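Structural characterization, general
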Amino acid sequence: MPEWWSYGLSDFLLFSPRTYYRLIERYNETVWPLHLLAAGLGLAIAMVLRRPTAARSRAVFATVALLWIWVSWSFVWNRYATINWAASYLVWLPLIEAGLLLWLGAMSGRLTLVRRAGVWGYAGIATFLVGLVLYPMFAPMLGRGLSQAEVFGVMPEPTAVATLGVLLLTEGSPRWLAVVPMVLWCLTAGATLYAMRSAEAWLPAAAAILALAGLRARAIAAT
Amino acid sequence: MSQPTRRDLLRALAAGTAAAFLSPLSAFAQPFAPLTRSIPSSGESLPVVGLGTWITFNVGDDPELRDECTAVMKAFFREGGRLIDSSPMYGSSQQVVGYGLSKLERPSTLFCADKVWIGSGEEGPAQIEESRSRWGIRRFDLLQVHNLLAWSDHLPKLLAMKRGGRLRYVGITTSEGRRHGEIEGIMRREPIDFVQVSYNALDRDVETRILPLAQDRGIAVIVNRPFQQGSLIRHVARHRLPAWAADIGATSWAQLLLKFIISHPAVTCVIPATTQVPHVIENVRSSSGPMPDAAMRARIATHVAQL
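In this report, the structure presented in the accompanying data block is examined. Just so it is clear, the structure is predicted and the values come from calculations on it, not from any experiment.

**Overview of the environment of S74 of chain A**
All names here are of chain A.
- Within the secondary structure layout, S74 lies in helix α3 (residues 54-77).
- Among the residues examined, S74 registers a relative accessible area of 0% and is labelled buried.
- In this structure the C-alpha to C-alpha distance between S74 and Y27, which are 47 residues apart in sequence, comes to 8.6 Å.
- Not counting residues within four places of it along the chain, the set of residues in contact with S74 comprises Y27 and R79.

In structure tokens form, the structure reads like this:
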């Protein structure tokens, strides 16, 4: 791209915040009450994260993968891509994530959840709960109303944050591979929200940095 | 009694014209004749205020927002506006323009300007055809190579379309002051009708070379980003409109900033984008009344730069 230094984030923003949040609102109206099912699955995952077993690990990875396939198709491809042509490329990130979680976690068992104490154990649980509980509260807290709430398993950002929480509690060297699509998604989402001047822009990026720091700290501790 | 705010003025403007939207477009006489400029290569007159669609018309399939865009288009045409500019880069904007045109029964005054924006010259014609289909029109008046992307591939094809009668005008675009050297080279060498650049009271790079060259070469100039994507308006709106703005009939910051642009003799059309009917009316009406002379233009630029 010529003169790339002259481009700012706002040059890549194709839509207004109003259009984006109305898109979410209309999507929520269409898929309701799947939010309740997704929240139920999220609570079940949260329980498993406290007492994981091999079988439960596979179930968690399969569930998160299937939720990503759903979010990719229902929101990113069918809705978001109508106002952001880049979404038709970005949709590969969550689909790759779903494939990795299915293959490495649910099928081959190369990724397993472990019960982890200490700072990074709590950070994993906390990050998952941020995606599940805190993220949907942003819309009403920021005056956009509950109708524009972004819910885990329904919208990509809370699902990405929660997935990073799961990966912080995951053993197995391929976890580095699994974290890459989520980090890229969160950084892209954070940049988009920042360009939209959204108050929660920092959160996806912070979750991505936290996940990378956590995995790195564990790698160092293991050597 | 306190001074009316910009919001009050816009509300009054909207109220005064609200009844107009209850009847078909064709039933209205234009309330005033907008200022026009000639396209140098043809002599055709074009109102100096057009309508951009970047961000504002990218509303997807949201029926409420699509209808709002249609209302903006309707007000624009009713005020005498003609040129609407879009691009395949602008998400769903082309479809939304097409939706509005369909609702408005395709106003005969429309001057449709679009762009080709694809890295492969071979795929240009297919993209243009898709754009045309989205607008729902028979042919474009103006096609521009967007941001000079693969311009050496696209430009010969656009010029061939013009020779074949399938296009009326050919142009190139850039924004935010990028690649001005290349723009100049194309303006000197190629038989283009239009050049589109960014220009406003703060971003004045084009004044030194591009605008004089356009005058020399007989190339029409379309100005994008007149409000720096809204940031310039938001910045100046924190300050009181100077009293001397009344000397040129400007009742708002938007009108003062637009008058600065359209008073430059090289400028053919400025394309502010908006989602609000009062704003589009305010924008088009900025071409009425006295225009700033060179001294006033300098005063506007200096004042805005100091805010």
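**With respect to the pairing of strand β6 (residues 142-145) of chain B**
Residue and element names in this part refer to chain B.
- Here β6 shows two buried faces, one formed by L142 and Q144 and the other by L143 and V145.
- Relative to β6, strand β5 (residues 111-116) is paired through 4 bridges, and the arrangement is parallel. From the neighbouring strand, K115 faces β6, where its bridge partner is Q144.
- Note: β6 against strand β7 (residues 169-173), 4 bridges, orientation parallel. Paired with V145 across the strands is I172, a residue of β7.
- Following the backbone out of β6, through helix α5 (residues 151-163) and into the adjacent parallel β7, one traces a crossover that is right-handed.

**A word on the pairing of β7 of chain B**
Residue and element names in this part refer to chain B.
- Buried residues dominate β7, accounting for 5 of its 5 residues.
- Neither face of β7 is exposed, since Y169, G171 and T173 on one face and V170 and I172 on the opposite face are all buried.
- Bridge count for β7 against strand β8 (residues 194-198) is 3 bridges, and the pairing is parallel. Bridge pairing in β8 places T173 opposite Q196.
- In this view, the connection linking β7 to its parallel neighbour β8 by way of helix α6 (residues 180-189) has right-handed handedness.

**Observations concerning the sheet that holds β5 of chain B**
All names here are of chain B.
- One open sheet accounts for 8 strands, arranged β3-β4-β5-β6-β7-β8-β9-β10; its pairing is parallel. Of all the strands in the sheet, the pair left with one neighbour each is β3 (51-52) and β10 (269-270).
- In this structure, β8 lies alongside strand β9 (residues 220-224), joined through 5 bridges in parallel fashion. Across the sheet, S198 pairs through a bridge with N224, a residue of β9.
- Lying on the sheet, α5 is in contact with β5, β6 and β7; it crosses β6 at an angle near 165 degrees.

**Topic: unusual backbone geometry**
- Cis geometry is found at the peptide bond from W32 of chain A to P33 of chain A, where omega equals 10 degrees.
- A positive phi is found at N147 of chain B, a non-glycine position, where the angle reads about 50 degrees.
- Take N147 of chain B: it is sitting in the loop between β6 and α5.
- The phi dihedral of Q229 of chain B is positive, around 55 degrees, even though this residue is not glycine.
- Summarising the element assignment, Q229 of chain B is placed in the loop between β9 and α8 (231-236).

**Some details on the packing of helix α6 (residues 118-141) of chain A against helix α9 (residues 202-222) of chain A**
All names here are of chain A.
- At their nearest, the axes of α6 and α9 sit 11 Å apart, and the two run at 170 degrees to each other. When the axes of α6 and α9 are compared, the pair comes out roughly antiparallel. Helix-helix and strand crossings are classified by hand; for α6 and α9 the assignment is left-handed. Residues W120, A123, T127, V130, Y135 and F138 of α6 touch α9, and the partners they reach there are L203, P204, A207, L210, A213, G214 and A217.
- Split by residue class, the contact of α6 with α9 holds 11 nonpolar, 2 polar and no charged.

**Brief notes about the packing of aromatic side chains**
All names here are of chain A.
- Tallying each qualifying case throughout the model produces 17 aromatic pairs over all chains.
- Between F15 and Y80 the ring centres are 5.9 Å apart and the planes differ by 70 degrees, which places this aromatic pair in the edge-to-face class. Of this pair, F15 sits in the segment before α1 (17-31) while Y80 sits in the loop between α3 and α4 (87-90), placing them 65 residues apart in sequence.
- Judged by relative accessible area, which is 1%, F15 ranks as buried.
- Seen in terms of ring centroids, Y135 and F138 are 5.4 Å apart; in terms of plane orientation they differ by 90 degrees. Their pairing is edge-to-face.

**Describing the pattern of salt bridges**
- Overall, the coordinates contain 20 salt bridges over all chains when judged by the stated rule.
- Here R22 of chain A and D62 of chain B are joined by a salt bridge, their closest N and O atoms 2.6 Å apart. Here R22 of chain A, found in helix α1, pairs with D62 of chain B, found in the loop between β3 and α2 (63-78), and the two come from separate chains.
- According to the relative accessible area criterion, D62 of chain B is buried, its value standing at 3%.
- A salt bridge links E79 of chain B to R285 of chain B; the shortest N-O distance between them is 2.7 Å. Of this pair, E79 of chain B sits in the loop between α2 and β4 (83-85) while R285 of chain B sits in helix α10 (residues 277-285), and the two are 206 residues apart along the sequence.
- A cluster of three or more residues bridged by salt bridges with shared partners is formed by E44, R82, D141 and R168 of chain B.

**Digging into helix α11 (residues 294-306) of chain B**
Residue and element names in this part refer to chain B.
- Spanning 13 residues, α11 covers 18 Å between terminal C-alpha atoms, matching the ideal 18 Å at 1.5 Å per step.
- For α11, the full list of buried residues reads M296, R297, I300, A301 and V304. For α11, the buried positions fall inside an angular range of 140 degrees around the axis, keeping them on one side. Among the exposed residues of α11, those pointing more than 90 degrees away from its buried face are A294, A295, A305 and Q306.

**Thoughts on the packing of helix α7 (residues 156-168) of chain A against helix α8 (residues 175-195) of chain A**
Residues and elements named next belong to chain A.
- Between α7 and α8, the least distance of the axes is 10 Å, while the angle of their chain directions is 150 degrees. As summarised for this structure, α7 and α8 are arranged roughly antiparallel, according to the angle between their axes. Read as a crossing pair, α7 and α8 show a hand that is left-handed. Facing α7, whose interface residues are P156, E157, A160, V161, T163, L164 and L167, α8 presents R175, A178, V179, M182, V183, W185, C186 and A189.
- Each residue belonging to the contact of α7 with α8 can be placed in one class, and the counts come to 12 nonpolar, 1 polar and 2 charged.

Rules behind the numbers
Residues numbered from 1 in each chain as written. Chains lettered and ligands numbered in written order. Predicted model: local features only at pLDDT ≥ 70, side-chain atom pairs only at ≥ 80, totals over all residues. Heavy atoms only, no water. Helix = DSSP H or I, 4+ residues; strand = E, 2+ residues; numbered from the N terminus. Buried < 20%, exposed > 50% of the residue type's maximum accessible area, 1.4 Å probe, protein only. Contact = heavy atoms within 4.5 Å. Pairing = 2+ DSSP bridges. Right-handed = clockwise from strand over helix to strand, strands pointing away. Axes fitted to C-alpha atoms, helices over the stretch in contact; angles between N-to-C directions. Parallel < 35°, antiparallel > 145°, perpendicular 65-115°, else oblique. Left-handed = near helix turned anticlockwise from the far one by under 90°. Nonpolar A, V, L, I, M, F, W, Y, C, P; charged D, E, K, R; others polar. Phe/Tyr/Trp six-rings, centres within 6.5 Å; stacked < 30°, edge-to-face > 60°. Salt bridge = Lys/Arg side-chain N within 4 Å of Asp/Glu carboxyl O. Expected span 1.5 Å × (residues − 1). Arc of directions from axis to C-beta.

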